[in-house]
Every structure is written in structure tokens, then in C-alpha cells.
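Here is what each chain is made of, one letter per residue.
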Amino acid sequence: MKNIAALLLLAAASAQAHIALDQPEAPAGSSYRAAFKVGHGCEGGAATKEIVVTLPEGLRGAKPMPKPGWTLTTKRRPLKTPFESHGKPVTDELAEVRWTANGEANYLQDAWYDEFVLRASLPAEAGELWFKVRQVCTQGEWNWADLPSAANTKLRAPAVRLKVLPAAQEAHAH
């Protein structure tokens, strides 16, 4: 019964999402291309002029893709547990990616569709990762940051969910 309630909760959250991932599932430990699909502007048809993605902890080596006509800025945060990569210590990770339109000619109009992309390595464990996305428009904004819970099933602006699946098992050969 608990599993059914959780599935209904997640279905309701994703059904209302207006910013979504092109690929909402990926295997643990894999390299992942996160394409955030933006299908509309804000209230009243206001054009989008900025997209800010807050990355969940656990991604490794995240790198955003530049977008023509948009300025790309990032923020980093210290890692709770540093690690080594290619013989070099890694002590921080990408925490936020911000794409800002370089003027009115580059705004994402309400009637248009676009994607904002980054890539990262996923954690080794299966589970869920939630990306909070702030969509700033010429008038108003959407803060896609609501997380589902037993007490909060009707999300007005749900965060973007990535389901990290168990890693694929390699075939055993004799």
C-alpha cells in the first residue's frame, strides 16, 4: 500500500511538471546528459530571460553546455568528502548553473521551446535526484523547487526528478 501511494505521489508530481528532463531515468554510475526542457514562459505569456538550475549533491564532474545568445555562470560548493580524479584532489563540485539571455532578442518566448543542457556522472547508488530550477521571466518567475512528501501531494511547481536506476549488470561469460 505504501508503494502504491508513493507511485501515485510521484506520478502526480511529474504530471504537473512544466520543466522536465529529456531522459528522466538513467543507470547509476553512468555519464548523464541532463537536458532541461522549457516548454512555456511565466504567467500571462511572459518570456523567459533566465534559467537557474541548482544541482543535487552526488553528481560528479558536472559541466554545463554554453548556449548561443545566453551568458553562462556557475557557483561551486565544497564537497563533504573530497576524492581523487585522474591523480588530482577534487574538493568542490558544481552547485548552480545560470543561463541569462543576452538581451531581449535572445529571450525564450512563451510560444517557443528550448533546452538547457549539462552533463555529469551519476552516483553509484540507485535512487532519486531532484534538480531545483528557477525560471525568471520578463514579468514574474516560476521556482520549480517543490518536493513531494506524504503531507504535500499537490505540487504547484515541482522540482525536476531524475530516477537513478540500479547499474546494469554485466553478463557473466564462461
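Our structure is the block above this text.
Residues numbered from 1 in each chain as written. Predicted model: local features only at pLDDT ≥ 70, side-chain atom pairs only at ≥ 80, totals over all residues. Heavy atoms only, no water.

Visitor: Quick question: what am I supposed to make of the nonpolar core here?
Guide: The tendency in soluble globular proteins is for nonpolar side chains to be buried side by side. If you look at the biggest cluster of nonpolar residues, it comprises 37 residues, and the most contacted ones within it are Phe 36, Leu 55, Phe 131 and Leu 162. The set of elements that each furnish at least two residues to this core consists of strand 1 (19-21), strand 3 (31-38), strand 4 (48-54), strand 7 (88-101), strand 8 (114-121), strand 9 (127-137), strand 10 (141-144) and strand 11 (160-165). Residues in contact with Leu 162, not counting those within four places in the same chain, are Leu 21, Gln 23, Pro 24, Glu 25, Ala 26, Tyr 32, Leu 122, Gly 127, Glu 128, Leu 129 and Phe 131. (Core = buried A, V, L, I, M, F, W, Y, C linked by side-chain atoms within 4.5 Å. Buried < 20%, exposed > 50% of the residue type's maximum accessible area, 1.4 Å probe, protein only. Helix = DSSP H or I, 4+ residues; strand = E, 2+ residues; numbered from the N terminus. Contact = heavy atoms within 4.5 Å.)

Visitor: Just to check I follow, could you spell out the pattern of salt bridges for this structure?
Guide: Side-chain pairs of opposite charge can arise where the charged atoms are in close proximity. All chains considered together, the criterion is met by 10 salt bridges. Close ionic contact of Glu 50 with Arg 98 constitutes a salt bridge, the shortest N to O distance being 3.3 Å. With a gap of 48 residues between them, Glu 50 in strand 4 and Arg 98 in strand 7 connect regions that are remote in the sequence. Assigned by exposure class, Glu 50 and Arg 98 land together as buried. In this structure, Glu 57 and Lys 80 form a salt bridge, with 3.4 Å as the shortest nitrogen-oxygen distance. In this pair, Glu 57 sits in the loop between strand 4 and strand 5 (60-64) while Lys 80 sits in strand 6 (residues 70-85), placing the two residues 23 residues apart along the sequence. (Salt bridge = Lys/Arg side-chain N within 4 Å of Asp/Glu carboxyl O.)

Visitor: I would appreciate a short explanation of the environment of Arg 161 in the present structure.
Guide: Along the chain, Arg 161 falls in strand 11. With a relative accessible area of 25%, Arg 161 lands in the partly exposed category. The sequence separation of Arg 161 and Phe 131 amounts to 30 residues, and the corresponding C-alpha distance is 6.4 Å. Engagement of the side chain of Arg 161 in a polar contact is seen with the side chain of Glu 128, the distance being 2.9 Å. (Polar contact = N/O pair within 3.5 Å; in protein donor to acceptor, adjacent residues only side chain to side chain.)

Visitor: How should I be thinking about the sheet that holds strand 8 in this particular structure?
Guide: Paired through backbone hydrogen bonds, the strands of a sheet run either parallel or antiparallel to each other. Taken in spatial order, the four strands make up an open sheet running 1-3-8-5, and their pairing is antiparallel. Whereas interior strands pair on both sides, the edge strands pair on one side only; in this sheet they are strand 1 and strand 5. Across the sheet, the mean angle from the axis of one strand to that of its neighbour is 25°, orientation sign disregarded. In this sheet, strand 3 lies alongside strand 1 in antiparallel orientation, the contact comprising three bridges. Directly across from Ile 19, in strand 3, lies its bridge partner Val 38. (Pairing = 2+ DSSP bridges. Axes fitted to C-alpha atoms, helices over the stretch in contact; angles between N-to-C directions.)

Visitor: Explain the side chain of Glu 50 here, please?
Guide: The exposure class assigned to Glu 50 is buried, which follows from its relative accessible area of 13%. Reaching out from Glu 50, the side chain makes a polar contact with the side chain of Arg 98 at a distance of 3.3 Å. Residues in contact with Glu 50, not counting those within four places in the same chain, are Trp 70, Arg 98, Trp 99, Thr 100, Arg 134, Gln 135 and Val 136.

Visitor: Please explain the packing of aromatic side chains as it appears in this structure.
Guide: Ring pairs (aromatic) are described by centroid distance and by the angle formed between their planes. Under the definition given, this model contains four aromatic pairs. Considering the side-chain rings of Phe 36 and Phe 131, the 5.2 Å spacing of their centres and the 75° angle between planes classify their relative orientation as edge-to-face. Placement of Phe 36 in strand 3 and of Phe 131 in strand 9 is noted, with a sequence separation of 95 residues between them. The class for Phe 131 is buried, based on a relative accessible area of 1%. Between Trp 142 and Trp 144 the ring centres are 4.7 Å apart and the planes differ by 15°, which places this aromatic pair in the stacked class. Assessed through its relative accessible area of 12%, Trp 142 is described here as buried. Taking relative accessible area as the criterion, Trp 144 reaches 0% and is therefore assigned buried. Of the aromatic side chains, those joined through ring pairs into one cluster are Trp 70, Trp 99 and Phe 116. Lying across the ring of Phe 83, Arg 60 places its NZ or CZ 3.6 Å from the centre. Sitting over the ring of Phe 116, Lys 67 keeps its end group 4.8 Å from the ring centre. (Phe/Tyr/Trp six-rings, centres within 6.5 Å; stacked < 30°, edge-to-face > 60°. Lys NZ or Arg CZ within 6 Å of the ring centre and 35° of its normal.)

These results come straight from atomic positions and should not be treated as a statement about function.
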